[in-house]
Amino acid sequence: MSNPSRQLIALSGVNVLPLFGFVFLDWSVSIFLGVLVLDMWTTAVWAWWKLPFARKRPLVLAMLESPILGALAAKRGGVSLSRFLPPVYPRNLALLLPAVFITGLLILLSMVMFVLPDPVITAETVGWMLVGGVVVFVVRGVEAIREYFHAENYRNHSARTVLLEPFQQLVATAGLVFLAFIGIVLFGDSEQPFFSETLFVSIIFVGKYAADLRAWQLQHDSERKGWFRRLFDPEIEVEPEPVTIPSGEPDLVVRPSQAGVCLDALVQGCRYLVNAWLPLSVLLFGLLISRFLVVLGIIGLVVFVLFRISVYYLRYGPVEYRCYDDIIVVYGRLLETPQARLEASAVTGMKTRQGLPGRVFGTTTVVFATDWEPPSIPTNKLLPEPEDYPTIGPNVNRPLSVTQIADLDPFANKFILSWAENNLE
């Protein structure tokens, strides 16, 4: 049996199960909806499980020059936690916030759909919902393990494309809630449960099953790509090609001062407080409205600052700068993978700074400028084709910061002198 056929059987099974229980096992609407809601949540749970292992790099984030999402998405290499699992790629953390947003909206809308028919919750209802929830969790889990991990489809996905399935569930759920409200207006009563159980179950079942079938069809038919697939198409994502390292041993290896990087990370994190407009707005608004919002604003600020500090350290802390004849290679010691390279001939300018870490620890940061600019996403079409997107090679000469160097003289005598000689020529 082919993989698409197995996926269709599994998809049909998790959708038909609640209907079978409603028709033949005398399940209430509450149980029917409870199992469907748990199926939606299961989709999100397995997407979260897949997300850290996605191998490709999101093109949209790879083109960013932002110090948080862009820097995190640019990290190359992964960490192997078990011989039974593929590597975990830290760059996938850049999609953490969108994953939280999509999951939160999915939970909210599914709960709205669940409470529309005025559900009656009893011990028996909860028991049957849990039984149905376990079944759909296992069915979707077996399919995820078989297709994503065992068949190594994680190699064809980025963290962004992994979020396609829960995003489709979110859109489908929003559509179902909308249809339910339309049904209430056209056929319903003025009081709960608004309209007949059979009509409600029919709307929800047909709508969700049709949405899942459409998603399956687009996934396996290369000739039919709707806007879902064009937005989340794995073909437009970046293959993790390795950075080219010159042959032979480097002439000089420079490592940043860890104390200097840590202090600089703290400075950068605290500096971002002035840009954290959303948590600050919640905090200020909460002072007038609710203590809960005050606490929420404080938590948001702390999380934002800690995330910025962590990303900054991951970018500049566990690395070393390998200097060859006229090339610098940034090598990630934690991920054991070259992260970037810069040719002296591509450097258009240079400046140094010390800041607070430099004054405290005597370190210096050297910033090299280049003519490189990130390519832009095509705007001539509402939904571009995969071939319309730009490509980014692994050896592009991006601007580079060599941070927190305690002894600048050897580095200056090697690479900076090489850059000066190139400019004199």
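Residues numbered from 1 in each chain as written. Predicted model: local features only at pLDDT ≥ 70, side-chain atom pairs only at ≥ 80, totals over all residues. Heavy atoms only, no water.

A closer look at the overall build of the chain
Phase 1 of the analysis: Secondary structure summary: the chain contains 15 helices and seven strands in total.
Phase 2 of the analysis: In the chain, buried positions account for 45% of the 425 residues.
Phase 3 of the analysis: Of the contacts formed within the chain by residues at least 6 apart in sequence, a portion of 75% connects residues at least 24 apart.
Phase 4 of the analysis: Surface summary for the chain: the accessible area is close to 21,600 Å², and the carbon and sulfur share equals 64%. (Helix = DSSP H or I, 4+ residues; strand = E, 2+ residues; numbered from the N terminus. Buried < 20%, exposed > 50% of the residue type's maximum accessible area, 1.4 Å probe, protein only. Contact = heavy atoms within 4.5 Å. Areas by Shrake-Rupley, 256 points an atom, 1.4 Å probe, with all protein chains shown as cover.)

Examining the nonpolar core
Phase 1 of the analysis: Membership of the largest hydrophobic core comes to 52 residues, with the highest contact counts inside it found for Phe-32, Leu-33, Met-113 and Ile-204.
Phase 2 of the analysis: If you tally residues by element for this core, the top one is helix α2 (residues 29–50), at ten residues.
Phase 3 of the analysis: The next biggest cluster of nonpolar side chains, apart from the first, holds 22 residues, and it includes Val-261, Ala-344, Val-347 and Phe-368. (Core = buried A, V, L, I, M, F, W, Y, C linked by side-chain atoms within 4.5 Å.)

Some details on the side chain of Arg-76
Phase 1 of the analysis: In this fold, Arg-76 is placed in the loop between α4 (69–73) and α5 (96–115).
Phase 2 of the analysis: For the buried Arg-76, no salt bridge is present, and the opposite-charge side chain at shortest range is Glu-241, 7.5 Å distant.
Phase 3 of the analysis: From its side chain, Arg-76 meets the backbone oxygen of Glu-241 in a polar contact 2.7 Å long.
Phase 4 of the analysis: Aside from chain neighbours lying at most four places away, what touches Arg-76 is Arg-57, Arg-91, Pro-240, Glu-241, Val-243, Leu-335, Thr-337, Pro-338, Gln-339 and Pro-394. (Lys, Arg positive; Asp, Glu negative; His and termini not counted. Salt bridge = Lys/Arg side-chain N within 4 Å of Asp/Glu carboxyl O. Polar contact = N/O pair within 3.5 Å; in protein donor to acceptor, adjacent residues only side chain to side chain.)

Structural notes on a nonpolar patch on the surface
Phase 1 of the analysis: A contiguous nonpolar patch, built from Val-16, Phe-20, Val-23, Phe-24, Leu-25, Trp-128, Val-131 and Val-135 and spanning about 720 Å² of accessible area, is present on the exposed surface.
Phase 2 of the analysis: The greatest single-element share of the nonpolar patch, amounting to four residues, is contributed by helix α1 (residues 3–24).
Phase 3 of the analysis: Along the chain, Trp-128 falls in helix α6 (residues 123–150).
Phase 4 of the analysis: By relative accessible area, Trp-128 is classed as partly exposed at 32%. (Patch = residues over 30% accessible without salt bridge, like charges linked within 9 Å, V, L, I, M, F, W, Y side chains within 5 Å.)

Focus on α6
Phase 1 of the analysis: Given a rise of 1.5 Å per residue, 28 residues ought to cover 40 Å, and the 38 Å separating the end C-alpha atoms of α6 matches this to within 8%.
Phase 2 of the analysis: Listed as buried for α6 are Thr-125, Met-129, Gly-132, Gly-133, Val-136, Arg-140, Gly-141, Glu-143, Ala-144, Glu-147, Tyr-148 and Phe-149. (Expected span 1.5 Å × (residues − 1).)

Focus: the sheet that holds strand β4 (residues 337–343)
Phase 1 of the analysis: Pairing is antiparallel in the open sheet, where four strands are placed in the order β1-β2-β3-β4. Strands with a single pairing partner mark the edges of an open sheet, and in this sheet they are β1 (252–254) and β4. On average, each strand axis in the sheet is tilted by 20° relative to the strand beside it, whichever way the strands run.
Phase 2 of the analysis: Of the strand pairs in this sheet, β1 and strand β2 (residues 319–323) are connected by three bridges, and their pairing is antiparallel. Its bridge partner being in β2, Val-253 is matched across the sheet by Arg-322. (Pairing = 2+ DSSP bridges. Axes fitted to C-alpha atoms, helices over the stretch in contact; angles between N-to-C directions.)

Focus: the pairing of strand β7 (residues 400–405)
Phase 1 of the analysis: For β7, the tally of buried residues reaches six of six residues, placing the bulk of the element in the interior.
Phase 2 of the analysis: Sheet analysis places strand β6 (residues 364–370) next to β7, joined by four bridges and oriented antiparallel. Pairing of Thr-364 across the sheet is with Ile-405, part of β7.

Points about the sheet that holds strand β5 (residues 347–353)
What holds strands together in a sheet is hydrogen bonding between their backbones, with the strands either parallel or antiparallel.
Phase 1 of the analysis: If you trace the three strands from one edge of the open sheet to the other, you get β5-β6-β7, paired in antiparallel fashion. A strand with exactly one partner marks an edge of an open sheet, and here the two such strands are β5 and β7. Here the strands of the sheet are splayed against their neighbours by 15° on average, with no regard to which way each runs.
Phase 2 of the analysis: Examined bridge by bridge, β5 and β6 share six bridges and lie antiparallel to one another. Bridging from a neighbouring strand, Thr-352 pairs with Val-366 of β6.

Regarding the environment of Thr-125
Phase 1 of the analysis: On the secondary structure map, Thr-125 appears in helix α6.
Phase 2 of the analysis: For the pair Thr-125 and Trp-27, spaced 98 residues apart in the sequence, the C-alpha separation amounts to 8.3 Å.
Phase 3 of the analysis: Filtering out sequence-adjacent residues up to four positions away, Thr-125 remains in contact with Ser-30, Ile-31 and Val-120.
Phase 4 of the analysis: Engagement of the side chain of Thr-125 in a polar contact is seen with the side chain of Thr-122, the distance being 2.9 Å.

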